[in-house]
Amino acid sequence: MKNMAKSLLGLALYILLIFGMAFLMGHFVVGQVEVDGPSMNDTLQDQDRVLINKFTYRVRNLDRFDIIVFKYAYDTDTDYIKRVIGLPGETVRIDKDGQIFINEELLEEDYGKEVIEDPGIAEDGITLGKDEYFVLGDNRNNSSDSRDPDVAAVSKSQIKGNVWIRLRPDFGLIK
């Protein structure tokens, strides 16, 4: 009887440990998000399911061109998925021809689906603070991003994680 009670207690502790690890993983390490809308076409499509890494960006800085998920500042129930273009301390400017400049140097990139038609608030340049990022959707003319005053610069505290793996419809790493 004593051995059975000991075994049941051990099993209960084991199950509690498993649930505790799953809780910690889900809240601090990995999350799942569904893409809503066309703003990241062609990289991500509407209704793609992706895994986000919630941990890495906390211990290292984000890199230019990382795809991140962040909370919309005016509605914390709304998440946005965008590509990091400008890093903390940089000045980002988009000219009338749709070219992106970082600290007045032309940015060489191939993620934009089309030429930017509206530079928005980035036309005169936006200087980012020490924990701020400038983000754009890959589908540049169908994206609410840092050019929009309602989104503007994204602070590190808004970021939930960076996109890591597409789960569906086509499983694979996101570059």
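The preceding data block contains the structure.
Structural notes, computed from the coordinates.

This next bit is on the pattern of salt bridges. Pairs can form between side chains of opposite charge whenever their charged atoms are close. Under the definition given, this model contains 12 salt bridges. As a salt-bridge pair, Arg-60 and Asp-63 come within 3.6 Å of each other at their nearest N and O atoms. For Arg-60, a relative accessible area of 32% translates into the label partly exposed. Where Asp-138 meets Arg-83, a salt bridge forms, and the shortest distance between an N and an O atom there is 2.8 Å. One end of the pair, Asp-138, is in the loop between β9 (132-136) and β10 (154-155); the other, Arg-83, is in strand β4 (residues 75-86), with 55 residues separating them in the sequence. Considered together, Asp-138 and Arg-83 belong to a single accessibility category, that of buried residues. Because the salt bridges share partners, they merge into one network encompassing Glu-34, Arg-49 and Arg-168.

All right, on to the pairing of strand β3 (residues 67-72) then. When a strand is regular, its side chains alternate between the sheet's two faces. Here β3 lies mainly inside the structure; 5 of its 6 residues are buried. Pairing geometry for β3 and β4, over 6 bridges, is antiparallel. Bridging from a neighbouring strand, Phe-70 pairs with Tyr-80 of β4. Between the end of β3 and the start of β4, which pair antiparallel, lie 2 residues.

This brings us to the packing of aromatic side chains. The description of an aromatic ring pair rests on the distance of the ring centres and on the angle between the ring planes. A complete count under the given rule lists 3 aromatic pairs for this structure. A ring pair is formed by Tyr-72 and Tyr-74, whose centres lie 5.7 Å apart and whose planes are at 70 degrees; its orientation type is edge-to-face. Take Tyr-72: its relative accessible area is 15%, and that puts it in the buried class. With a relative accessible area of 59%, Tyr-74 lands in the exposed category. Judged by centre distance (5.1 Å) and plane angle (10 degrees), the rings of Tyr-72 and Tyr-80 are stacked. Summarising the burial analysis for this pair, Tyr-72 and Tyr-80 share the class buried. Members of the aromatic cluster, each reached through a chain of ring pairs, are Phe-70, Tyr-72, Tyr-74 and Tyr-80. One residue, Lys-82, lies across the ring of Tyr-80, its end atom 5.4 Å from the ring centre. For the cation-ring pair, Arg-93 lies above Phe-101, with the distance from its terminal atom to the ring centre recorded as 4.6 Å.

With that out of the way, let us pick up the pairing of strand β5 (residues 91-94). By the bridge criterion, 2 bridges tie β5 to strand β8 (residues 126-127) in an arrangement that is antiparallel. Within β8, the position partnered with Thr-91 by the bridge is Thr-127. In terms of strand pairing, β5 meets strand β6 (residues 100-102) through 3 bridges, oriented antiparallel. Note that in β6 the partner of Val-92 across the bridge is Ile-102. If you look at the hairpin formed by β5 and β6, you'll find 5 residues sitting between the two strands, and Gly-98 has a positive phi there, around 85 degrees.

Turning our attention to the layout of surface pockets. By rolling a water-sized probe across the atoms, one finds the places where empty space is left. The volume enclosed by the largest pocket comes to roughly 260 Å³. Surrounding the largest pocket, Val-33, Glu-34, Val-35, Asp-36, Ser-39, Asp-79, Tyr-80, Ile-81, Lys-82, Asn-142, Ser-143 and Ser-144 form its lining. Only β1 (30-34) and β4 provide two or more residues apiece to the lining of the largest pocket. Of the residues forming the lining of the largest pocket, the biggest block, 4 residues, is contributed by β4. Here the residues of the lining of the largest pocket sort into 4 nonpolar, 4 polar and 4 charged.

Rules and cut-offs
- Residues numbered from 1 in each chain as written.
- Predicted model: local features only at pLDDT ≥ 70, side-chain atom pairs only at ≥ 80, totals over all residues.
- Heavy atoms only, no water.
- Salt bridge = Lys/Arg side-chain N within 4 Å of Asp/Glu carboxyl O.
- Buried < 20%, exposed > 50% of the residue type's maximum accessible area, 1.4 Å probe, protein only.
- Helix = DSSP H or I, 4+ residues; strand = E, 2+ residues; numbered from the N terminus.
- Pairing = 2+ DSSP bridges.
- Phe/Tyr/Trp six-rings, centres within 6.5 Å; stacked < 30°, edge-to-face > 60°.
- Lys NZ or Arg CZ within 6 Å of the ring centre and 35° of its normal.
- 1 Å grid on protein atoms, 1.4 Å probe; cavity = no way out; pocket = protein on both sides within 12 Å on 5 of 7 lines; lining within 4 Å.
- Points joined across faces, edges and corners; volume = space filled by probe spheres on them.
- Nonpolar A, V, L, I, M, F, W, Y, C, P; charged D, E, K, R; others polar.

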